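Take a look at the letters that make up each chain.
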Amino acid sequence: MIALLNILVAVLISPLFMTFIKKVKAWAQRRQGPPLLQGYYTFMKLLKKETVLSTNSSWIMRWAAPINLAVMIIAALFIPIVGIGGSGNILLFLYLLALAKFFMALAGLDAGSTFGGMGSSREMTISAVIEPVTVIVFAALAYVLGTMDIHRMALAVLANGPQAALVLISMSLFIILIVETARVPVDNPETHLELTMVHEAMILEQSGKNLAFMELAHAIKQTLLMGLLMSVLFPYGLATETTLVALVFGIGAFIVKGLCISFFVGLFESSMAKSRLFLLPNLFMLAYFFSFLTILFEVFA
Amino acid sequence: MKSNDNYTQMDENKFEKSISELEKSHDLVCLFCAQQGKRFVLYYIFEKGKQLLMMTKHLTGTTATSIAAQFPSACWYEREIRDGFGIEFDGLQDRRPLLLHEPYPDGFHPLLKSFKNQKIHTKKDVIDSYPFMPITGEGIYHIPVGPVHAGIIEPGHFRFSVIGETIFNLEIRVFYKHRGIEKLAEGKQPRECIAIAEAISGDESVANAVAFCMAMEKISEITVSARAMGLRTILLELERIYSHLGDLAGMIIDVAYPVGASAFFILREDIFQLNELLTDSRFMRGMMDIGGLKRDIEQDKLRQAGEFLTTFVQRFKKAVEAVQVPSVIDRLDNTGIVKRELVRPLHLTGPIARAAGVAIDTRRDHPYGDYSKVPIRLGEKGDVLSRFEVKTAEISDAVAIIRQVIASLPLAERRAVLPIKDGDACSLVEAARGQTMHWVSIKKGVIDRYKVRTASFCNWRAIEHAVLGNIVPDFPLINKSMNLSYAGTDL
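Residues numbered from 1 in each chain as written. Chains lettered and ligands numbered in written order. Predicted model: local features only at pLDDT ≥ 70, side-chain atom pairs only at ≥ 80, totals over all residues.

**Re the overall build of chain B**
Helix and strand counts for chain B come out as 15 helices and 14 strands. The C-alpha radius of gyration of chain B comes to 22 Å, within 12% of the 23 Å expected for a compact globule of 491 residues. (Helix = DSSP H or I, 4+ residues; strand = E, 2+ residues; numbered from the N terminus. Rg over C-alpha atoms; globule rule 2.2 N^0.38 Å.)

Printed below as a string of structure tokens:
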């Protein structure tokens, strides 16, 4: 029950967080920004549009978007969104994300356009560097909380209260959130300049329903990573039992926490320029450093 | 025909010798062709510091000798003349068409007097037949970009040869915007042509209109009143301010720091509104006239402008300080270097040349308008950061110039009304992008030949050199830092 609710809320709320970040960035630029429901309007609009497929493309182009969405929905089972219920191995979660990314990169190559190939190549380069970092971060998390299961991690934090080590890991998780959702300084989600794109270049050839699915999958991924961050940093408000009050409170708490993180992401993105492509590993090193420090602390403390 | 400039006629025998002598000391400002009866005359305009050297060469047939080996910037001019008049240049390596794209029929040369805007039969199935420079090798792949782009920008094709992310070669192809402006002007009354000059490039309206009027005034020996001169200077500098503000904002947007860029956009909008207050047009169109201005600007409005600029300086300073963020500076620094050695051979002008450390400015070298003193801002490295800084400084200078002109502006006639004479003349103006040249020839009171060379025509070549060794994601930034005009290149 809670598991299903987790999926439902993650899918439904994701476009809101996406738009809210845009809104915050617009405010920082003294603009009004889009209406808060713009993400839903765009999704509905894209569903009505025709899906154009290049004659050069294969079945991968057709299936990459549905596969991405399906994988993200499955991954939503792993993260406590509204409440704690079910189980989710953190390494499996990581590789579910990798699976989605694999198909997305293939689709980028599949249409045969130069921009798609360029985006896929960059995305894979970045992934190759960020993946070991992510593994270390997750290992630190598992070590500190004594479990590989994300739901149990949230329970452990609820039971033991906040720890200094978790704050350090949260910083690493935040960097992973920025990298995986293709935000400044890694990528610029707002740009129209194909030559600078990473994530957007990969989905440039997507259209209609497929584009809608791709974008929704991307939004869900962001929500899940936010959910993971919240389970570690501030799991309070998660429903631990299946009562109406607990669930409603859980949903409310998640929306509030999600908007807070979105607000922070918006500010973070507004506070700096995009980094040079080859200087990105510096940012990843920071995440690596925080988690490695955590492991050292925990082992020798 | 009477000419208002002094031309030296070049002899065919001594041609090569004199060209190789000029190569050492002179820059090629422009090379163009005019048809006189059945014969063709090539005009070579050279520049040495503050002196112009104008030469003509009367052709006996339809062949000429290429000077592209001595003056690399001549390559595009010669290709342009080849397309326009069908003149072949001996020794010209690059014989691809420049402005006539593939569908045009063979033997079609629109600038010939015999061509009278009639219907032409375009060729079919010739798309993609333009021979780009073949670049091959292990690991090299090509990224063709444009001419249709994702943003609201002008059309241009960029062909990158890339190894990994590093740019190995870039070949640009512009000239997708040909409107036939030079042909359009022929046979027009000079006053009708002011609007045509304003339409050459949207954000260089004032510079082009002033340059055209200056050439006409030179031909007709009209002296412009001090007031009209001052007002022209104000409008020219306002144009520089809004153009540079757009560039600064664009550079900051391209490194994904829109928070810093928004302040520049707001300032730019305020300048547009000031333009509208002064001239009823955000791009200051419809103001210039031969002999002065079409309308005067009231003293009261000028006073308001002066007051606005006082607050503008403070706001601009704050906006510049707000983008001094390490992540922004890191992107601009050392990116897209234009080497100093390229400035003369390619005749680069404007902020691009000054950012590379070369002190050239038409306002100082070939004085016009009401500039008592033009500070020349030089960069060192010639990278994007230098261009950013030069443009920043030039905005402040432009504000200072405007305020000074307003303070000392005399009351006088806005326009000197004198008859228009026949003849030809060349004029030079420093537009926001660099040196703009206009050459007008009047015969029987109407325009016989109108040649315009904006700064972008020469400056486009700089980008092919500036991007080498940079990575592909930095290209849009380098491009924006130069902000070249496609329309201004392709008349």
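**Some words on the confidence of the model for chain A**
On average, residues of chain A score 92 in pLDDT, and 100% of them reach the 70 mark or higher. Looking over chain A, one finds the lowest element-wise mean pLDDT in helix H11 (residues 280-300) of chain A, namely 89, and the highest in helix H2 (residues 38-48) of chain A, namely 96. (pLDDT = per-residue confidence, 0-100.)

**A look at the nonpolar core**
Among the nonpolar cores identified, the biggest contains 151 residues, and Val210(B), Phe212(B), Ala215(B), Ile252(B), Phe264(B) and Val440(B) are the most heavily contacted of them. For this core, the element with the most residues is helix H6 (residues 226-254) of chain B, which contributes 15 residues. Composition of this core by domain shows at least three residues from each of domain 1 (1-117) and domain 2 (181-454) of chain B. For Ala215(B), the residues in contact, after removing those within four places along its chain, are Ala425(B), Cys426(B), Ser427(B), His438(B), Trp439(B) and Val440(B). By size, the runner-up hydrophobic cluster in this structure holds 97 residues, among which are Phe93(A), Ile178(A), Leu224(A) and Phe290(A). (Core = buried A, V, L, I, M, F, W, Y, C linked by C-beta atoms within 7 Å. Buried ≥ 20, exposed ≤ 12 C-beta atoms within 10 Å, placed from the backbone. Domains from an automatic or database assignment. Contact = placed C-beta atoms within 7 Å.)

**Observations regarding the sheet that holds strand E14 (residues 446-453) of chain B**
Residue and element names in this part refer to chain B. Pairing is antiparallel across the open sheet formed by three strands, whose spatial order is E12-E13-E14. A strand with exactly one partner marks an edge of an open sheet, and here the two such strands are strand E12 (423-431) and E14. Taking each pair of neighbouring strands and ignoring which way they run, the sheet shows an average axis angle of 15 degrees. As paired strands, E12 and strand E13 (residues 434-443) are joined by nine bridges and run antiparallel to one another. For Gly423, the partnering residue across the bridge sits in E13 and is Ile442. Sheet contacts for helix H5 (residues 205-220): E12, E13 and E14; angle to E12, the most-contacted strand, approximately 150 degrees. Packed on one face of the sheet, helix H13 (residues 455-466) meets E12, E13 and E14 and runs near 140 degrees to E13. (Pairing = 2+ DSSP bridges. Axes fitted to C-alpha atoms, helices over the stretch in contact; angles between N-to-C directions.)

**Focus on the domain arrangement of chain B**
Residues and elements named next belong to chain B. The domains assigned to chain B are domain 1 (1-117) and domain 2 (181-454). Taken over C-alpha atoms, the centre of domain 1 sits 28 Å from the centre of domain 2. Contact residues are listed per partner, giving 20 residues for domain 1 and 21 residues for domain 2. Residue assignment for the side of domain 1 that touches domain 2 shows that the elements contributing at least two residues are strand E2 (27-36) and strand E3 (39-48). When residues of the side of domain 1 that touches domain 2 are assigned to their parent elements, the largest contribution, six residues, is made by E2.

**Some thoughts on H13(B)**
Residues and elements named next belong to chain B. For H13, spanning 12 residues, the distance from its first C-alpha to its last is 17 Å, which sits close to the expected 16 Å at 1.5 Å a residue. Taken across its 12 residues, H13 has 10 buried, putting it largely inside the fold. Taken together, the buried positions of H13 are occupied by Ala455, Ser456, Phe457, Cys458, Asn459, Trp460, Arg461, Ala462, Ile463 and Ala466. (Expected span 1.5 Å × (residues − 1).)

**Examining unusual backbone geometry**
Look at the link from Val184(A) to Pro185(A): it is a cis peptide, with omega at 10 degrees. Tracing the backbone shows Pro185(A) in the loop between helix H7 (164-180) and helix H8 (199-202). The step from Gly146(B) to Pro147(B) runs through a cis peptide bond, and the omega angle for that step is 5 degrees. The topology assignment puts Pro147(B) in the loop between strand E7 (140-145) and strand E8 (157-163). Its identity is not glycine, yet Ala182(A) carries a phi of approximately 55 degrees, on the positive side. Residue classification places Ala182(A) among the buried positions, given that 21 C-beta atoms sit within 10 Å.

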